[in-house]
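# Summary of the model geometry
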Amino acid sequence: MNRWIGFFKKEWFESVKTYKLFLVLIIFSILGVLNPFTAKIMPAVMDQFMPEGALLDLPEPTALDSWLQFYKNVPQMGLIVFILLFSTMMSKELEKGTLVILLTKGLHRSTVITTKFFMALCYWTLAITLSFTITYAYTAYYWDQSTLHHLFFAASCLYVFGLLLLAITLWGNTYFATSYSGILVTLLFTIGLFIAAIFPQSHSWSPLELVTTPPQILTGEIQVSELLIPYIISIGLMILFVWLTTSHFKKKLL
Amino acid sequence: MNTNWDLLLEYLPFLIPLILLQVGLGIFSAIHVIRHPHYRFGNQVIWLLIVLFIQFIGPLVYFVFGRGDGDGRTN
């Protein structure tokens, strides 16, 4: 356990020194402010672009619009940014050979993987919490949120999907050991999910549902219980990929 | 003109943090680019342009992929 905490501290200092903490804080704050802002400014922007005299009856923005922006911006921009930031977790160490010294001193190989994943998990928690809190504060100030259902559960869906992608990135990055392989594997996986989404049967189990349905959860069109299977599958896949990474890394030649 | 000012005032609670964060990130990255003139690829002018004109993806790409190692700091 001591080693685990020691290596975790090393990971933490590394992430601060490589400006990861700084970037995550700034970018996810920007995203948090951007959501209610886009929702609020949209009618005014549309007004500007309409020709003179044309009447466009736009409804006033509501709390739902703000959260729609959240579920559009954070999975697209936020997740891409996040995967890019953490895509070189393993390959950097493998390329430089910095792990060899630590491993010969008796550090467990599984410790390396679990610590790295846990570090990324902490950062993703921070990022989502930050973005969610800022959007929540602005939305609560400008609009009435009482009509929305399961705000926190909807956000947790996004959170779990992010963790799944992180686990896959870590696996790809360790298995192929080049800086872009993590991103490539994650991209292929996401494309695969999108292809599967063409078939309506996949809607009952596909992890992709976790990022596409939150708006409907908010309006109450989809019940929480319908997302139970995608939720469990995502968590299961996440654990599987972390386990695959550990078992592969144990046999890897450094 | 009057209506534009009203609009601006209405969106000020959004604009102030947005501008502060984005400009702050841009300037911080630009200073880093100038003070550490060793990059994995590209040169100073290219990185300055990327960092200052591509909103938040620019600084991110610089810090993750472009920033050189052992760039003159003593540690």
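In what follows, the structure referred to is the one given above.
We now turn to the structure provided with this report.

Cut-offs and rules
- Residues numbered from 1 in each chain as written.
- Chains lettered and ligands numbered in written order.
- Predicted model: local features only at pLDDT ≥ 70, side-chain atom pairs only at ≥ 80, totals over all residues.
- Helix = DSSP H or I, 4+ residues; strand = E, 2+ residues; numbered from the N terminus.
- Buried ≥ 20, exposed ≤ 12 C-beta atoms within 10 Å, placed from the backbone.
- Contact = placed C-beta atoms within 7 Å.
- Nonpolar A, V, L, I, M, F, W, Y, C, P; charged D, E, K, R; others polar.
- Axes fitted to C-alpha atoms, helices over the stretch in contact; angles between N-to-C directions.
- Parallel < 35°, antiparallel > 145°, perpendicular 65-115°, else oblique.
- Core = buried A, V, L, I, M, F, W, Y, C linked by C-beta atoms within 7 Å.

The next thing to look at is the overall build of chain B. Each helix and strand in chain B was counted, giving 3 helices and 0 strands. Evaluated residue by residue, chain B yields a buried proportion of 13% over its 75 residues.

Here the focus is the overall build of chain A. The number of helices and strands found in chain A is 11 helices and 0 strands. Going from the N terminus to the C terminus, chain A shows its helices and strands as α-α-α-α-α-α-α-α-α-α-α. Expressed as lengths along the three principal axes of its C-alpha atoms, the size of chain A is roughly 75 × 40 × 35 Å. Put simply, chain A has 254 residues, and 39% of those count as buried. Of the contacts made within chain A by residues no fewer than 6 positions apart, 79% connect residues no fewer than 24 positions apart.

Let us now look at the interface of chain B and chain A. Contact with chain B, which involves 12 residues of that partner, is made by 15 residues of chain A. Residue assignment for the side of chain B that touches chain A shows that the elements contributing at least two residues are helix H1 (2-35) and helix H3 (57-66) of chain B. Looking at the side of chain B that touches chain A element by element, the count peaks at 8 residues for H1(B). Class assignment for the residues of the side of chain B that touches chain A results in 11 nonpolar, 1 polar and no charged.

As a further point, take the environment of Ser110(A). Looking at the element boundaries, Ser110(A) is found in helix H6 (residues 109-142). Distance from Ser110(A) to Thr245(A), taken between C-alpha atoms, is 8.8 Å for residues 135 residues apart in sequence.

Two numbers describe a pair of packed helices, the interaxial angle and the distance between the axes. Residues and elements named next belong to chain B. Remark: helix H2 (residues 44-53) packs on H3, axes separated minimally by 6 Å, with the N-to-C direction vectors making an angle of 135 degrees. Put simply, H2 runs oblique to H3. Contact residues: Trp47, Ile50, Val51 and Phe53 in H2; Gly58, Pro59, Val61, Tyr62 and Gly66 in H3. Considering only residue class, the contact of H2 with H3 consists of 7 nonpolar, 2 polar and no charged.

Once that is clear, we can look at the nonpolar core. Ranked by size, the top nonpolar core spans 65 residues in total, and within it Ile27(A) and Ala167(A) carry the most contacts. Elements supplying a minimum of two residues to this core: helix H2 (20-49), helix H3 (63-85), helix H4 (89-96), H6, helix H7 (151-176), helix H9 (209-212), helix H10 (214-219) and helix H11 (228-251) of chain A. When near neighbours in sequence (up to four residues on either side) are disregarded, Ile27(A) contacts Val81(A), Phe56(B) and Leu60(B).

Moving on to the environment of Tyr71(A). Residue and element names in this part refer to chain A. When you line up the elements, Tyr71 lands in helix H3. Assessed through the 21 C-beta atoms surrounding it within 10 Å, Tyr71 is described here as buried. Considered as a pair, Tyr71 and Ser204 are 133 residues apart in the sequence and their alpha carbons are 20 Å apart. Apart from residues no more than four positions distant in its own chain, Tyr71 is found in contact with Pro214 and Pro215.

What follows is about unusual backbone geometry. All names here are of chain A. At His150, a residue that is not glycine, the phi angle is positive and equals roughly 50 degrees. Its location among the elements puts His150 in the loop between H6 and H7. Taking the number of C-beta atoms within 10 Å as the measure of exposure, His150 has 17 and is therefore partly exposed. The backbone of Ala177 sits at a positive phi, close to 55 degrees, despite the residue not being glycine. Note that Ala177 resides in the loop between H7 and helix H8 (181-196).

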